[in-house]
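Fold and contact review
If you want the building blocks of each chain, they are given just below.
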Amino acid sequence: MRKKIHTAVLSACLLTSSILAPVLPSSTVYAATAYTAKVFASSLNVRSEPAASAAVTGTLAGGATVTVTEEQHGWLKVRAGSVSGWVAGYYLKRTSGSSSTSTSSASASSGSTASKAAVKTTAASSGTAVVTASSLRIRSGPGTGYEVVGSLQSGNKVTLLLRQGEWSRIRTAGGSVGWVSSGYLSGGTVRSASTISSNSQTPSVVRKSGSIRGKLIIVDPGHGGTDPGMLGTTYNTMEKDLTLQTSLYLRDYLTAKGARVEMTRTRGDQKPALSQRVQLGRQLGADAFVSIHYNSSPKNVSGTLTFFYSQQNDLRLARAVETRLGEGIGLRSNGLSFGDYHILRENPLPATLVELGFLSNPYDEAIVRKAAYQRKAAQAVAEGVADYFNK
């Protein structure tokens, strides 16, 4: 969707143009201390360059251990035996020098070095089942009208997360989350939507007012699939890649604070409709909704912008997030703005849409491509969400 920035905000942003730092060259590679990581995908393509369009030079099997040597705007350079090249960073999980504790529901684990030990995803012993059909489709929602996002084979084990009518929400051994027909699962029981917690070792969550622990947050990485969102004018950075990587970092920070997190998409090739994104929060009885985006403008503007639609429902959440962004993440905050966007307008939950930099600005684009910035931005948003529930 095209973003429209208020004139007052644009004028304020122009004041920063005289202090912009030199633009980094597009070939810059951000070196990292070598560490080992594990592949959290059924298979992972290794590419010749840090880009989804680059040639595939090899593949890595799920569970493979690799050595990470470099990083560039969300891509990691890895080495495993005779295979070397670039992979999408959110399909790796660091194992050396950090906890190997698993995180909450998503089809891929981030390469973030943020601490994840505070929360461990643990399914109850009765929350596992075995696929009985020769082939079972995984869908994005509880019904045959929803998009097919994967498949399972007979004998595959899954973790049961939620049951709605004749459909079950499951997590596969590889970490993918989706819906399948319950009639093709054998064994296991699942708690109802009102009591389930995929991030707790106890049967239910006791929700305390003013605490983020046990709160269910929907994290929405904007765009996806055939919709790249905004394209960077200097490095051709795709917004859909940035939103997904930042959202995975946000998920990690929120789960570390004790929150439960569900994402509207967890892969680059997914493109759920806006109505489906909103519906997910309604179906699961979530407590808040955060949509992550990156901006664009024909004017030379820079910085972040936080949107709300309903003053009664959204404004307090948006203000809490914007306050944290304004404390400093590498780009200035341009404050709050009303946004007449479907993801906010049709949302019954407290919701905010956050623009984390302008891809039309060479300075912003060079910064937001770095994982370090994405982590800072995600941490600030997570702190803002926590502040919202603590006030």
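Cut-offs applied
- Residue indices begin from 1 for each chain and proceed along its sequence in written order.
- In view of the model being predicted, local features appear only for residues whose pLDDT reaches at least 70, and side-chain atom pairs are presented and counted only at 80 or more, with totals across whole chains, interfaces and linings using the full set of residues.
- Based on all heavy atoms of the structure, the side-chain values leave hydrogens and waters out of the count.
- Strand pairing is assigned whenever DSSP detects at least two bridges linking the two strands.
- Helix and strand labels come from DSSP, where a helix needs a run of H or I of at least four residues and a strand needs a run of E of at least two; each type is numbered from the N terminus.
- Geometry is summarised by axes, namely lines fitted to C-alpha atoms with helices restricted to the contacting stretch, and by angles between N-to-C directions that run from 0 to 180 degrees.
- The contact rule is simple, with two residues in contact once any of their heavy atoms fall within 4.5 Å.
- Here a pair means two rings of Phe, Tyr or Trp (six-membered ring of Trp) with centres within 6.5 Å. Their orientation is stacked below 30 degrees between planes, edge-to-face above 60, and tilted elsewhere.
- Nonpolar cores were defined as sets of buried Ala, Val, Leu, Ile, Met, Phe, Trp, Tyr and Cys residues, with membership established by side-chain atoms within 4.5 Å.
- For the exposure calls, accessible area comes from a 1.4 Å probe over protein chains only, and a residue counts as buried if that area is under 20% of its type's maximum, exposed if over 50%, partly exposed in between.
- Any pair of nitrogen or oxygen atoms within 3.5 Å is treated as a polar contact; in protein, a donor-acceptor pairing is required on top of that, and neighbouring residues in sequence qualify only through side-chain atoms on both sides.
- Between the first and last residue of a helix there are one fewer steps than residues, each counted as 1.5 Å, and that sum is the expected span.
- Think of pLDDT as the predictor's per-residue confidence, scored from 0 to 100.

1. A look at the sheet that holds strand β18 (residues 304-308)
Pairing within the open sheet is mixed, and its six strands lie in the order β16-β15-β17-β20-β18-β19. Strand pairing shows two members of the sheet lacking a second neighbour, β16 (260-263) and β19 (333-338), which therefore form its edges. The sheet shows a mean angle of 20° between the axes of neighbouring strands, direction not considered. Looking at chain direction, strand β15 (residues 216-221) and β16 are connected through four bridges and run parallel. Bridging from a neighbouring strand, Ile-218 pairs with Glu-262 of β16. Running at roughly 150° to strand β17 (residues 288-295), helix α7 (residues 371-390) makes contact with β15, β17, β18 and β20 (351-358) of the sheet.

2. Some remarks on the packing of aromatic side chains
Summed over all chains, the structure comprises four aromatic pairs. Between Tyr-309 and Phe-338 the ring centres are 5.3 Å apart and the planes differ by 35°, which places this aromatic pair in the tilted class. With Tyr-309 in the loop between β18 and α4 (315-325) and Phe-338 in strand β19, this pair connects stretches of sequence that are 29 residues apart.

3. Observations regarding the nonpolar core
Counting residues in each nonpolar core, the largest one holds 40 residues, and the members touching the most others are Ile-217, Leu-250, Leu-254, Tyr-373 and Val-385. Sorting the residues of this core by element identifies β15, α2 (239-256), β16, β17, α4, β20, α6 (362-368) and α7 as the ones contributing at least two each. Take this core: its biggest share by element is eleven residues, from α7. Non-local contacts of Val-385, meaning those with residues more than four positions away in its chain, are made with Ile-212, Ile-217, Leu-254, Val-290, Leu-317 and Val-321. Counting residues in hydrophobic clusters, the runner-up holds 18 residues, among them Leu-216, Ala-286, Phe-307 and Leu-344.

4. Describing the side chain of Ser-291
Relative to the helices and strands, Ser-291 resides in strand β17. Within the local environment of Ser-291, its side chain forms a polar contact with the side chain of His-293, the two groups lying 3.1 Å apart. Excluding anything up to four places from it in sequence, Ser-291 contacts Asp-220, Ile-343, Thr-352, Leu-353 and Val-354.

5. Digging into α7
The periodicity of an α-helix, 3.6 residues per turn, causes residues three or four positions apart to be oriented the same way. In this model α7 runs 28 Å from its N-terminal to its C-terminal C-alpha over 20 residues, within 8% of the 28 Å that 1.5 Å per residue would give. Buried residues dominate α7, accounting for 15 of its 20 residues.

6. Let's talk about the confidence of the model for the protein chain
Detailed reading of the predicted model is not advised wherever pLDDT is low. Residues of the protein chain with pLDDT of at least 70 account for 74%, and the chain-wide mean is 76. Here residues 1-32 is a poorly scored stretch, pLDDT under 50, and it has 65 contacts once near neighbours within four places are set aside; other chains count. Low confidence marks residues 190-210, where pLDDT is under 50. Its contacts with residues over four positions away, or in another chain, come to 48 contacts.

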